[in-house]
Amino acid sequence: MEIKHIDYFKTLLGNDNVYDDKAHLIAYCYDATRTRYQPDAVLFPRDEQDVSDILKYCNEHRIIITPRGAGSGFTGGALPANGGIILAFEKHMNKILEIDMENMVAVVQPGVINMQLQKTVEAQGLFYPPDPASEEYSTIGGNVSENAGGMRAAKYGITKDYVMALRAVLPNGEIIRAGKRTIKDVAGYNIAGILIASEGTLACITEITLKLIAKPKMSQTAMGIFPSVEDAMNAVYKTMAAGVTPVAMEFLDNLSINAVEQKYNKGLPKDAGAILITDVDGNTQEELTQQLDVIEKAFAENGCSGFKRAETPEESKNLWFARRNASQSITIYGSKKLNEDITVPRSKLPALLKAIGEVSKKYNVTVPCFGHTGDGNVHTNVMVDGSDPKQLEIGHQAIEEIFKATVALGGTLSGEHGIGLSKAPFMHLAFSDAEMELFRSVKKAFDPNNILNPSKMGL
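Reading the values: the criteria
Residues numbered from 1 in each chain as written. Predicted model: local features only at pLDDT ≥ 70, side-chain atom pairs only at ≥ 80, totals over all residues. Heavy atoms only, no water. Pairing = 2+ DSSP bridges. Helix = DSSP H or I, 4+ residues; strand = E, 2+ residues; numbered from the N terminus. Contact = heavy atoms within 4.5 Å. Axes fitted to C-alpha atoms, helices over the stretch in contact; angles between N-to-C directions. Salt bridge = Lys/Arg side-chain N within 4 Å of Asp/Glu carboxyl O. Buried < 20%, exposed > 50% of the residue type's maximum accessible area, 1.4 Å probe, protein only. Expected span 1.5 Å × (residues − 1). Arc of directions from axis to C-beta. Domains from an automatic or database assignment. Buried area = accessible area lost by both parts, 1.4 Å probe. Polar contact = N/O pair within 3.5 Å; in protein donor to acceptor, adjacent residues only side chain to side chain. Phe/Tyr/Trp six-rings, centres within 6.5 Å; stacked < 30°, edge-to-face > 60°. Lys NZ or Arg CZ within 6 Å of the ring centre and 35° of its normal.

### Quick look at the sheet that holds strand S3 (residues 65-68)
So, point 1. Spatially, the four strands line up as an open sheet ordered S1-S2-S4-S3, and their pairing is mixed. At either margin of the open sheet sits one strand with a lone partner, and together these are strand S1 (18-19) and S3.
So, point 2. For S1 and strand S2 (residues 41-43), the ladder comprises two bridges, and the chain directions are antiparallel. When the sheet's bridge partners are listed, Tyr 19 is paired in S2 with Val 42.
So, point 3. Seen against the sheet, helix H3 (residues 48-61) touches S2, S3 and strand S4 (85-88) and runs at an angle of roughly 165° to S4.

### Some thoughts on the pattern of salt bridges
So, point 1. Enumeration over the complete set of coordinates arrives at 19 salt bridges.
So, point 2. Salt-bridge contacts for Glu 250 lead to Arg 323; the nearest nitrogen and oxygen are separated by 2.7 Å. Taken together, the residues Glu 250 in strand S13 (residues 248-253) and Arg 323 in helix H11 (residues 313-324) connect sequence positions 73 residues apart.
So, point 3. The exposure class assigned to Glu 250 is buried, which follows from its relative accessible area of 0%.
So, point 4. On the basis of relative accessible area, Arg 323 is assigned to the buried category, the value being 7%.
So, point 5. Residue Glu 340 is joined to Lys 423 by a salt bridge in which the shortest nitrogen-to-oxygen separation is 3.3 Å. Of this pair, Glu 340 sits in strand S16 (residues 336-343) while Lys 423 sits in the loop between helix H14 (389-408) and helix H15 (427-430), and the two are 83 residues apart along the sequence. In this structure, Glu 340 and Lys 423 share a single accessibility class: buried.
So, point 6. Taken together, the shared-partner salt bridges connect Glu 98, Asp 100 and Arg 181 into one network.

### A look at the sheet that holds strand S18 (residues 377-384)
So, point 1. Judged by pairing direction, the sheet is antiparallel, and its seven strands sit side by side in the order S15-S12-S14-S13-S17-S18-S16 without closing on themselves. Every interior strand has two partners, whereas the edge strands, strand S15 (306-309) and S16, have only one. Neighbour to neighbour, the strand axes of the sheet diverge by 15° on average, direction disregarded.
So, point 2. In this sheet, strand S14 (residues 274-282) lies alongside S13 in antiparallel orientation, the contact comprising six bridges. Of the residues in S14, the one forming a bridge with Met 249 is Thr 278.
So, point 3. The sheet contacts of helix H9 (residues 254-264) involve S13, S14 and strand S17 (369-372), and relative to S13 the element is tilted by about 80°.

### Re helix H16 (residues 433-446)
So, point 1. For H16, with 14 residues, the first-to-last C-alpha span of 20 Å sits near the 20 Å given by 1.5 Å per residue.
So, point 2. Among the residues of H16, Met 436, Lys 443 and Phe 446 are the ones counted as buried. Down the axis of H16, the smallest arc covering the buried residues is 85°, so these residues share one side. Summarising the geometry of H16, the exposed residues directed more than 90 degrees from the buried face are Asp 433, Ala 434, Leu 438, Lys 444 and Ala 445.
So, point 3. Close packing links the buried residues of H16 with helix H7 (191-195) and H15.

### A closer look at the side chain of Asp 341
So, point 1. Mapped onto the elements of the fold, Asp 341 is located in strand S16.
So, point 2. Overall, the relative accessible area of 0% leaves Asp 341 in the buried class.
So, point 3. Leave out the neighbours within four places in its chain, and Asp 341 touches Asn 377, Val 378, His 379, Leu 413, Ser 414, Gly 415, Glu 416, His 417, Gly 418 and Lys 423.

### Focus on the domain arrangement of the protein chain
So, point 1. Annotation of the protein chain at the domain level lists domain 1 (3-88), domain 2 (98-214) and domain 3 (218-409).
So, point 2. Computed from C-alpha atoms alone, the centre-to-centre distance between domain 2 and domain 3 is 28 Å.
So, point 3. With seven residues of domain 2 at the contact, the number on the domain 3 side is 13 residues.
So, point 4. Between domain 2 and domain 3 the total buried area reaches about 820 Å² when both faces are included, carbon and sulfur atoms providing 58% of it.
So, point 5. Taken together, the connections running from domain 2 to domain 3 amount to one salt bridge.
So, point 6. A salt bridge links Asp 281 to Lys 155; the nearest nitrogen and oxygen atoms lie 2.6 Å apart.
So, point 7. Taken together, the connections running from domain 2 to domain 3 amount to two residue pairs in polar contact (both at pLDDT 80 or more).

### Remarks on the pairing of strand S6 (residues 105-108)
So, point 1. Burial along S6 is two-sided: Val 105 and Val 107 and Ala 106 and Val 108, pointing in opposite directions, are all buried.
So, point 2. In this structure, strand S5 (residues 96-100) lies alongside S6, joined through four bridges in antiparallel fashion. Bridge pairing links Glu 98 to Val 107 in S6.
So, point 3. Between the antiparallel neighbours S5 and S6 lie four residues, among them Met 104 with a positive phi of about 55°.
So, point 4. Note that S6 and strand S10 (residues 204-211) share four bridges and pair antiparallel. Within S10, the position partnered with Val 107 by the bridge is Thr 209.

### Some details on the packing of aromatic side chains
So, point 1. Throughout the structure, instances matching the rule amount to 12 aromatic pairs.
So, point 2. An angle of 75° between the planes, with centres 5.3 Å apart, marks the rings of Phe 9 and Tyr 57 as edge-to-face. With a gap of 48 residues between them, Phe 9 in helix H1 (residues 3-13) and Tyr 57 in helix H3 connect regions that are remote in the sequence.
So, point 3. Judged by its relative accessible area of 10%, Tyr 57 falls in the buried class.
So, point 4. When the ring of Phe 127 is compared with that of Tyr 156, the centres are 5.4 Å apart and the planes differ by 90°; the resulting orientation is edge-to-face. Of this pair, Phe 127 sits in strand S7 (residues 126-127) while Tyr 156 sits in helix H6 (residues 153-156), and the two are 29 residues apart along the sequence.
So, point 5. Given a relative accessible area of 4%, Phe 127 falls into the buried group.
So, point 6. For Tyr 156, a relative accessible area of 13% puts it in the buried group.
So, point 7. Its guanidinium or amino end placed over the ring of Phe 44, Lys 91 lies 5.1 Å from that ring's centre, counting from NZ or CZ.
So, point 8. The cationic tip of Lys 211 hangs over the ring face of Tyr 162; the distance from NZ or CZ to the ring centre is 5.1 Å.

So this is what it looks like as structure tokens:
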């Protein structure tokens, strides 16, 4: 990057907020995909006006900007694939600005850590449900940009269900507000809805107003053991049809169960086709018991051979251990994990898992699966030897077939991780030419000079 640009940014932000040294460029060149693209500089805006000034200058000089939260994404959404500037929000713009108890609303800056917000509002008897697996380090701004989900999505929904309003800066430096701090708002286009899940391609979010709800007083965990993954999948949507909506309904297939057991020796049933782990919540023990009675009955009608209820917090923690450690355990099957977060309507889960099994056999690859079946979201993991180009090629062919099967079942390429770079080549499987052109038109309307996070989502 030209020295005149660096000098401008240092004058604007101060030397402590502008870096183009090797250490910072390396530190901000990768995310959870482990793919690396080095930026030309890293900037730490102090406030919304800084963001506006930076974007206005970059737009005038055609300097590419990649907004970044914690860099915890799995699809390369925060990677500076075309160089330019990383705009990092975690240093300064990381404050909870307001907890409005009367209207049950939180106002936060984009760099606030998800878990920090959860703990803050829960201390006041309120509840912010979206809980991505990265909740201990992912930022709310990143959650909004990717429309993050989590285990509680089965009952409480995902990030978009809690965003009431946003403040954002357009690429030309103009500051906009989208949405209102009201329960109802039908005036104008839903610009906030367009910015949610836009992966930093349309604007830089600088403030987020979030809906809060009352915190349930108690919860309880249970686990069911099934002879086959198909039985478990049938039990998921039939449980929902029985009138109970669990907070979470998570599953592990046989490969995932055995991986956890091999690594941690937790006494899991190694011959089980699948296990389902579920949480329910409420305000009385009677509520919890009634819900678990319905779930146990639905499980039993779909082949469940064992149902265990956690009676203490420690027992609950033990039941959840396998699910929380599945991702790191399945590395026993290969050094490279091609991880996708496909999602289908819950009733299509049995057909999806059957299709994945067929792809596994066709390509002779191991594909352990686990995930959020309460909302139809399956994490499918094609395991290969990362040092073998042939295996990598076969693995990507298998992934493409899994995507095709997902779309054919009425599903989507991503339920949580977004599209970014890694899924961009597959957008044509899920969207028509006319739909892709509409996306490009929206992008051009917001960002005519294409300076914000270009190349993402196939745009």
